[in-house]
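Per-entry structural report
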Amino acid sequence: MSLPVAVFASGSGSNLQAILDYHASLDAPPWRVELAVSDQEEAKALERARRAGIRSRSLPVAGRSSGDVAGETLDILRFSGIGFIALAGYLRLIPADVVGAFRERMVNIHPALLPAFGGKGMYGMRVHEAVLAAGARVTGPTAHFVDEEYDRGPIIAQWPVPVRAGDDPHTLAARVLRVEHLLYPRVVDHLARALSRGCRPAPFSPRGTAFLANARATADVERAISAGFTED
Ligand code: GAR
């Protein structure tokens with residue numbers, strides 16, 4: 001039996017798509033994306049899930065109490081037997097009861113090097129605007145476990161991406177997103193494999209999972225590496 005995974009997304013769902021594509025490239029992975037959940041009924045992410053034959057579920061959050069949302073979320077997750085959750089551009093705070101039920105079994109991807117440029121209100125293009133406004137020379141995605149605060153849980157993996165002269169928030173977002181699509185599916189796979197065996201995951205190492213050997217590494221990643229920005 002493979003571990004049923006849920007992906008939560010509010011928008012375009014390109015990270016959901018990257019997870020689905022990576023999963024499809026694996027040989028009999030012991031996990032599967034069982035369910036996509038969105039707070040936005042019209043989210044493109046739900047459409048992507050439906051196209052891939054995955055159950056999709058909208059879960060309205062606006063104007064509801066945290067307790068109410070927590071109850072419905074837990075019902076949905078239990079109904080599908082979900083054992084692991086990946087937030088992929090999900091812009092709502094996960095209620096504490098859900099965090100408690102999925103401690104160290106729920107991850108998020110953020111488009112900056114946390115703990116910088118994170119927290120409430122820091123999502124999407126706003127993150128890249130703040131990175132540029134601060135004059136940071138390096139940015140990049142962070143995958144982390146989810147706790148009760150936005151963007152604060154323990155960090156699992158980061159990948160540095162250079163900020164270039166002449167970048168605007170859109171060029172920077174696109175460069176970071178390409179690396180998100182490489183990193184996040186591998187983080188999900190690493191953790192879901194451990195959970196499917198009932199083990200505590202070993203620390204994630206891109207090299208340990210042959211990240212560099214297998215990834216269709218973008219020119220940006222290669223440039224970042226040759227510029228000396230490696231994980232060590
Ligand atoms: C991604 O860049 C993700 O890191 C970011 O939203 C985008 C979603 O894109 N998440 C956050 O900012 C969370 N704080 P996608 O819908 O195409 O995957």
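Quick note: structure is the one above.
Everything numeric here is computed off the predicted structure, so don't read it as measured data. (Residues numbered from 1 in each chain as written. Predicted model: local features only at pLDDT ≥ 70, side-chain atom pairs only at ≥ 80, totals over all residues. Heavy atoms only, no water.)

1. Observations concerning helix 5 (residues 125-134)
Of the residues making up helix 5, those classed as buried are Val127, His128, Ala130 and Val131. Along the axis of helix 5, the buried residues cluster in a sector spanning 160°; they form a single face. Along its buried surface, helix 5 packs onto strand 5 (106-110), strand 6 (138-139) and helix 6 (169-196). (Buried < 20%, exposed > 50% of the residue type's maximum accessible area, 1.4 Å probe, protein only. Helix = DSSP H or I, 4+ residues; strand = E, 2+ residues; numbered from the N terminus. Arc of directions from axis to C-beta. Contact = heavy atoms within 4.5 Å.)

2. Some words on the sheet that holds strand 2 (residues 31-38)
Taken in spatial order, the seven strands of this open sheet run 3-2-1-4-5-7-8, and their pairing is mixed. Only two strands of the sheet have a single partner each, and these edge strands are strand 3 (55-58) and strand 8 (155-158). The sheet shows a mean angle of 20° between the axes of neighbouring strands, taken without regard to direction. Note that strand 1 (residues 3-8) and strand 2 share six bridges and pair parallel. Following the sheet pairing, Phe8 is matched in strand 2 by Val37. The sheet strands contacting helix 6 are strand 1, strand 2, strand 4 (84-87), strand 5, strand 7 (142-145) and strand 8, and the helix crosses strand 4 at an angle near 170°. (Pairing = 2+ DSSP bridges. Axes fitted to C-alpha atoms, helices over the stretch in contact; angles between N-to-C directions.)

3. With respect to the environment of Arg103
One can find Arg103 in the loop between helix 4 (96-101) and strand 5. A relative accessible area of 41% means that Arg103 is categorised as partly exposed. Put simply, Arg103 and Glu148 are 45 residues apart on the chain and 9.9 Å apart in space, counted from C-alpha to C-alpha. If sequence neighbours within four positions are ignored, Arg103 has contacts with Asp147 and Glu148.

4. Notes on the site of the ligand
Around the ligand lies a shell of 14 residues, among which Gly13, Ser14, Asn15, Gly124 and Glu180 are the nearest. One of the side-chain nitrogen or oxygen atoms of Ser12 is found 3.2 Å away from an oxygen atom of the ligand. The contact in question runs from an oxygen atom of the ligand to an N or O atom on the backbone of Ile109, over 3.5 Å. Protein chains shield 88% of the accessible area of the ligand, which is 450 Å² for the free molecule. Secondary structure elements with two or more residues in the shell around the ligand: helix 1 (14-25), strand 5 and helix 6. A breakdown of the residues in the shell around the ligand according to their chemical character gives five nonpolar, seven polar and two charged. (Near = heavy atom within 4 Å. Polar contact = N/O pair within 3.5 Å; in protein donor to acceptor, adjacent residues only side chain to side chain. Areas by Shrake-Rupley, 256 points an atom, 1.4 Å probe, with all protein chains shown as cover. Nonpolar A, V, L, I, M, F, W, Y, C, P; charged D, E, K, R; others polar.)

5. What about the environment of Ala194?
Assignment of secondary structure puts Ala194 in helix 6. Judged by relative accessible area, which is 3%, Ala194 ranks as buried. Distance in space between the C-alpha atoms of Ala194 and Pro30 is 9.3 Å, their sequence separation being 164 residues. Once you skip the residues sitting within four places of it in the chain, Ala194 turns out to touch Cys199, Arg200 and Pro201.

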